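# Fold and contact review
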Amino acid sequence: MATIRSTRGSLISTLLVASAFSPNASAAAPTPGQLAALRDRAVALVNAFPAATLSTAEHAYQLDDAILDADGAQHARLSRSFRGMRVIGGDLVVHLDRLGNFRSTSQTLQRLIEVPSAPAVSPGSARLLAQTFFAGVVSGTLPELVVYARGDRPELAYDVRLS
């Protein structure tokens, strides 16, 4: 598909190939050994570029997905935890060139995570609040203390499951 548009008198032409954006078009499934190496390399790069990844020593990462492009470029999607808590909205993708060098990251996190070490609300209170404001019945699982980072500022929250 080609898109042509005019901007202030100049002609800009962009050629988009739909298959280039499909993970199955030219990507190979990584082997377990490649996954382990990519995970280790991606986490090392996250730690080497803390400003680009909004990372500190209090973060840990887990590899959720990986793509190896036909040209050798690598993409590792990592989930983030902070002080042992799951970070909702803290996922990032580390992009590496074919030699394993850092290219860039894609992430929704906008700021460093700076939250109190203890919540202001108890798990029981979180459960009651969830039942008050949302329809459903609280499931048998305990509310999970998490960092909610989908907004402007990350904050402590409870993930309360309702059914």
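Summary of the structure given here. This structure is a prediction, so every number in the text was calculated from the model and none was measured.

## Considerations on the overall build of the chain
In terms of helices and strands, the chain carries four helices and nine strands. For the chain, the α and β elements follow one another from N to C terminus as β-β-α-α-α-β-β-β-β-β-α-β-β. Here the chain, with 163 residues, has 28% of them falling under the buried criterion. Partitioning the contacts of the chain with sequence separation of at least 6, the portion at a separation of at least 24 is 50%. Carbon and sulfur atoms form 57% of the exposed surface of the chain, whose accessible area is close to 10,200 Å².

## Regarding the pairing of strand β4 (residues 74–82)
In the case of a regular strand, side chains alternate between the two sheet surfaces. Most of β4 sits out of view: eight of its nine residues are buried. Hairpin connection of strand β3 (residues 59–68) to β4: five residues between the antiparallel strands, including G72 at a positive phi of 95 degrees. Pairing of β4 with strand β6 (residues 92–96) involves five bridges; the strand directions are antiparallel. The residue bridging R77 from the neighbouring strand is V93, located in β6. Here β4 folds back onto strand β5 (residues 85–88) in antiparallel fashion, the turn holding two residues, of which R83 has a positive phi close to 50 degrees.

## Focus: unusual backbone geometry
You will see that L54, though not glycine, has its phi angle at about 55 degrees, which is positive. When you line up the elements, L54 lands in the loop between α3 (50–53) and β3. For L54, a relative accessible area of 15% gives the class buried. With a phi close to 50 degrees, R83 is a non-glycine residue in the positive phi region. With respect to the element layout, R83 can be found in the loop between β4 and β5.

## Topic: the pairing of strand β8 (residues 144–148)
The pairing of β5 with β8 spans two bridges and is classified as parallel. Across the sheet, V87 pairs through a bridge with V147, a residue of β8. Bridge analysis of β8 against strand β9 (residues 155–159) gives five bridges, and the strand direction is antiparallel. Each bridged residue has a counterpart across the sheet, and for E144 the counterpart in β9 is D159. The loop that links β8 with its antiparallel partner β9 comprises six residues.

## As for helix α2 (residues 32–48)
Because the α-helix completes a turn every 3.6 residues, residues three or four places apart line up on one side. The terminal C-alpha atoms of α2, which comprises 17 residues, lie 24 Å apart, in line with the 24 Å expected from a rise of 1.5 Å per residue. Looking at α2, one finds that the buried residues are L38, A42, L45 and V46. Seen along its axis, α2 keeps its buried residues to an arc of 100 degrees; they face one direction. Where α2 is buried, its residues contact α3, β3, β4, β6 and β7 (102–107).

## What to know about the side chain of R80
Mapped onto the fold, R80 is located in strand β4. Here R80 is buried and forms no salt bridge, its nearest opposite-charge partner D91 lying at an N-O distance of 7.1 Å. A polar atom in the side chain of R80 sits 3.1 Å from the backbone oxygen of T53.

## Quick word on the pattern of salt bridges
Evaluation of the coordinates by the stated rule reveals eight salt bridges. Two residues, D64 and R77, come together in a salt bridge whose shortest N-O distance is 3.7 Å. Here D64 is found in strand β3, whereas its partner R77 is found in strand β4, with 13 residues between them in sequence. Taking the shortest distance from any N to any O, the salt bridge between R161 and D159 comes out at 3.0 Å. What makes R161 partly exposed here is its relative accessible area of 46%. According to the relative accessible area criterion, D159 is buried, its value standing at 16%.

What counts, and at which threshold
Residues numbered from 1 in each chain as written. Predicted model: local features only at pLDDT ≥ 70, side-chain atom pairs only at ≥ 80, totals over all residues. Heavy atoms only, no water. Helix = DSSP H or I, 4+ residues; strand = E, 2+ residues; numbered from the N terminus. Buried < 20%, exposed > 50% of the residue type's maximum accessible area, 1.4 Å probe, protein only. Contact = heavy atoms within 4.5 Å. Areas by Shrake-Rupley, 256 points an atom, 1.4 Å probe, with all protein chains shown as cover. Pairing = 2+ DSSP bridges. Expected span 1.5 Å × (residues − 1). Arc of directions from axis to C-beta. Lys, Arg positive; Asp, Glu negative; His and termini not counted. Salt bridge = Lys/Arg side-chain N within 4 Å of Asp/Glu carboxyl O. Polar contact = N/O pair within 3.5 Å; in protein donor to acceptor, adjacent residues only side chain to side chain.

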